[in-house]
Amino acid sequence: MTVQKQTKIVHPGGFTGGVVCVPGDKSISHRTALLAGLSAGTSEISGFLQAEDCLNTLKAMESFGARSWIDDEGMLSVQGTGGKMIEPVGPLDVGNSGTGMRLLAGLCAGSPIQVTLTGDESLLSRPMGRIQEPLQQMGARVDLTPQGTAPMTIQGGQLHGIEYRLPTASAQVKSCCILAGLYATGRTTVLEPIPTRDHTERMLRAVGAPIRVEGQFISVEGYGPQGPKFLARPYVVPGDFSSAAYWLAAAAAIPGVQVRAEGVGLNLRRTALLDVLRRMGAQVEIERTSAPTDPEVYGNVTVTGAALNGTEVSGDEIPNLIDELPLVAVLGALARGRTEIRDAGELRVKESDRVAVMAENLANMGVQVAERPDGMVVEGSATVAPVKSIRSYGDHRIAMSMSVLAIFSAEPVCIGNVACVDTSYPDFWKQLSTLGVKVE
Ligand code: S3P
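Note that this is a predicted model, so its numbers are computed, not measured. (Residues numbered from 1 in each chain as written. Predicted model: local features only at pLDDT ≥ 70, side-chain atom pairs only at ≥ 80, totals over all residues. Heavy atoms only, no water.)

J.: What's the story with the overall build of the chain in this structure? I'm lost.
T.: Each helix and strand counted, the chain has 12 helices and 25 strands in total. The C-alpha radius of gyration of the chain comes to 21 Å, within 12% of the 22 Å expected for a compact globule of 440 residues. Projecting the C-alpha coordinates of the chain onto the three principal axes gives extents of approximately 60 × 45 × 40 Å. Residues counted as buried form 59% of the 440 residues belonging to the chain. Long-range contacts, defined here as pairs at least 24 residues apart, represent 75% of the contacts in the chain between residues at least 6 apart. For the chain, the distance from the average position of its 38 positive side-chain charges to the average position of its 46 negative side-chain charges is 2 Å. (Helix = DSSP H or I, 4+ residues; strand = E, 2+ residues; numbered from the N terminus. Rg over C-alpha atoms; globule rule 2.2 N^0.38 Å. Buried < 20%, exposed > 50% of the residue type's maximum accessible area, 1.4 Å probe, protein only. Contact = heavy atoms within 4.5 Å. Lys, Arg positive; Asp, Glu negative; His and termini not counted. Charge placed at Lys NZ, Arg CZ, Asp CG, Glu CD.)

J.: Help me understand helix α4 (residues 129-138), please; the structure alone is not making it clear to me.
T.: Every α-helical turn comprises 3.6 residues, leaving residues that sit three or four positions apart pointing alike. Among all positions of α4, only Arg-130, Ile-131, Pro-134, Leu-135 and Met-138 are buried. What you see down the axis of α4 is that its buried residues fit within an arc of 115°, all on one side. One or two residues past the end of α4 sits Gly-139, with phi positive at roughly 120°. (Arc of directions from axis to C-beta.)

J.: What is the right way to look at the site of the ligand in this model?
T.: Around the ligand, a shell composed of Ser-27, Arg-31, Thr-99, Ser-170, Ala-171, Gln-172, Arg-197, Ile-322, Asp-323 and Lys-350 is seen. Here an oxygen atom of the ligand sits 2.7 Å away from a polar atom, N or O, in the side chain of Arg-31. At 2.7 Å, a backbone N or O of Ala-171 approaches an oxygen atom of the ligand. Every element with two or more residues in the shell around the ligand is listed here: α1 (26-38) and α5 (171-182). Here the residues of the shell around the ligand are counted per class, giving two nonpolar, four polar and four charged. Split by domain, the shell around the ligand shows at least three residues from each of two domains, domain 1 (3-24 + 238-434) and domain 2 (26-236). (Near = heavy atom within 4 Å. Polar contact = N/O pair within 3.5 Å; in protein donor to acceptor, adjacent residues only side chain to side chain. Nonpolar A, V, L, I, M, F, W, Y, C, P; charged D, E, K, R; others polar. Domains from an automatic or database assignment.)

J.: In this structure, what is going on with a negative patch on the surface? I would like to understand it.
T.: Together, Glu-44, Asp-71, Asp-72 and Glu-73 line one region of the surface with negative charge. Assessed through its relative accessible area of 35%, Asp-71 is described here as partly exposed. (Patch = residues over 30% accessible without salt bridge, like charges linked within 9 Å, V, L, I, M, F, W, Y side chains within 5 Å. Areas by Shrake-Rupley, 256 points an atom, 1.4 Å probe, with all protein chains shown as cover. Salt bridge = Lys/Arg side-chain N within 4 Å of Asp/Glu carboxyl O.)

J.: Can you help me understand the packing of aromatic side chains in this one?
T.: Summed over the entire model, instances satisfying the criterion amount to six aromatic pairs. Centroid distance Tyr-246 to Phe-428: 5.8 Å. Interplanar angle 85°. Geometry classified as edge-to-face. Taken together, the residues span a long stretch of sequence, with Tyr-246 in helix α7 (residues 241-252) and Phe-428 in helix α12 (residues 428-434) at a distance of 182 residues. One exposure class covers both Tyr-246 and Phe-428, and it is buried. Joined through ring pairs, the aromatic side chains of Tyr-246, Trp-247, Tyr-425, Phe-428 and Trp-429 make up one cluster. We note Arg-233 situated over the ring of Tyr-235; from NZ or CZ to the ring centre the distance is 5.4 Å. (Phe/Tyr/Trp six-rings, centres within 6.5 Å; stacked < 30°, edge-to-face > 60°. Lys NZ or Arg CZ within 6 Å of the ring centre and 35° of its normal.)

J.: So what exactly am I meant to see when it comes to the pairing of strand β22 (residues 368-372) here?
T.: Both β22 and strand β23 (residues 375-381) contribute to a ladder of five bridges, which runs antiparallel. Paired with Ala-370 across the strands is Val-377, a residue of β23. Joining the antiparallel neighbours β22 and β23 is a turn of two residues. (Pairing = 2+ DSSP bridges.)

J.: Would you mind going over the side chain of Ser-243 with me for this structure?
T.: For Ser-243, the position within the fold is in helix α7. When its relative accessible area of 1% is taken as the criterion, Ser-243 is described as buried. Excluding anything up to four places from it in sequence, Ser-243 contacts Val-22, Ser-424 and Tyr-425.

J.: Can you walk me through the pairing of strand β21 (residues 336-341) in this structure?
T.: In the case of a regular strand, side chains alternate between the two sheet surfaces. When strand β20 (residues 312-313) meets β21, the two strands line up parallel, connected through two bridges. Across the sheet, residue Val-313 finds its bridge partner in β21, namely Ile-341. Note on the crossover from β20 through helix α9 (residues 325-334) to β21: the handedness is right-handed. (Right-handed = clockwise from strand over helix to strand, strands pointing away.)

J.: Which parts of the structure should I look at to understand the domain arrangement of the chain?
T.: By a frequent convention, interface size equals the accessible area lost on bringing the separate parts together. Under the domain assignment, the chain is made up of domain 1 (3-24 + 238-434) and domain 2 (26-236). Relative to domain 2, the C-alpha centre of domain 1 lies at a distance of 28 Å. Each side of the interface is counted separately: domain 1 has 25 residues, and domain 2 has 29 residues. At the boundary of domain 1 with domain 2, total buried surface from both sides reaches about 2400 Å², with 49% on carbon and sulfur atoms. Run the count over domain 1 and domain 2 and you get three salt bridges. Residues Arg-197 and Asp-323 are paired through a salt bridge, measuring 3.2 Å at the closest nitrogen-oxygen approach. (Buried area = accessible area lost by both parts, 1.4 Å probe.)

Here's what the structure looks like:
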C-alpha cells in the first residue's frame, strides 16, 4: 500500500440500490496467477482482479520466471515457467495478503531455491506457523521469527507426500499443502475439519491435475521435484461475491430496496451470507448463468430488503462466510433482536482482529455489543447513533463494512485510513456513489 492515511466521508441515506458488476474474485485471481504462472505457454485470464493483493502475487510469479501483461480491455496474459521456478533476487513483498504469502510458500517449497516472503505490518503479525508445520513435515525448511510470523525464508527441497490433519479450518493452509504436494513424491492428503472454499481443488481439476476429493479428505498425487506439466489455458474469473456482499447487505436492510449483482461467483463455500440474509428476513433470488462444465459456478443474485431480525451464525457455516462476518455484525446492528456470531476465533487473526475492531466500532456507534473469544453478540435496535469518525485499522473489510453502516447514520461519518480498500476493491467508493450515496 502506498498511501497509508486517507479519509472518506460517507453521508447517510441515499442508497437507492440498482445493478452492480463487481470486480473479479480475489481468491480465484490469486490462484489463476499461480497456476498460469506455473504452466507451459501463455494463458489468458479474463476478469482478473487488478487490486494490490493479486498484483503482488503476479509480481511474485514474475520473480520465479513467469511474464505477464494486461491489455486495454483488462485481459491478463501470463507466460508461465513450465513448472521450473528460478530463485528470485531479494525478498518478495506480498503486501497485505495472507493468501498470497501462504499459497506462494506452498508453491515454492518443492523447488531447489531459497525464497524470502515478507509483507506489510498487518501481514507480518499474522500466524505462519500453521504453514511452517506441514511444509517442514514434507521436507522443506521454513524459518520464521520467534513469534511464528513472517518474514519467512523457505529453503525448498525434495518433498515427500504426507497426511495432514488441519488443526483449523483454513483454505489457505489447505491450498498451501496441496500446491506443495504437486512437487512432492507420493501422495499428499489433507483432512479439513470443516469444508472450506475449494477454488484450488476446482482449478487443479480443470488443468488435469491428479486431485481427489472424498468427503473432507483432499489428495493430490505428486509429480516429484520436476513439478507438474500443466498447459496454458483460458481462465474466466467471476465477480467476487465478497465484494458484492456489501451492496447485497445494504439492500437487505432497507425494506423494498433491491440490488442485483451480475456475473458473481456462486460457489456454495462462499455464499453462506445469502442464507443468513434469508434467515434475517430479506428476499434472495439466484439465477445461475455458468455452464455445468465451468470450474466455478456463477450467475446473478438479487436481494430485496425487509425489516430484518437477528440470527445466529456458527459451526460449519463460518468458513463459508468468513470474510463477510464483519458485515453480519453490521446487519445485526440494523436488525431487531439478537445476532450471535460463534465459532469464529479465526476472525481474530485476519488483516486485523476483526472481533475486537468490530466490537469497538459498533459500540462507538451506540450499538450494544458483547465481545466473545470466538465471536460477538450484537443487540440490534435497527438504529445507529451519529458518530463523527470510525477507524478501519488498515483492514479493507472493516473499512467497507463500516461504510455500509455509515449509510444508516443520521450524520456524515468519516472513515479513516481507507487506502486499504485498494487491496481488494479499488472502485468501492465509485460504486457506493453510483448506488446513490454521497461520498467525499
Ligand atoms: C482465502 C481463505 C480465507 C479467507 C481469505 C481468502 C483464500 O482465509 O479469509 O480472505 O483465498 O484461500 P483462511 O483460509 O485462512 O480462513
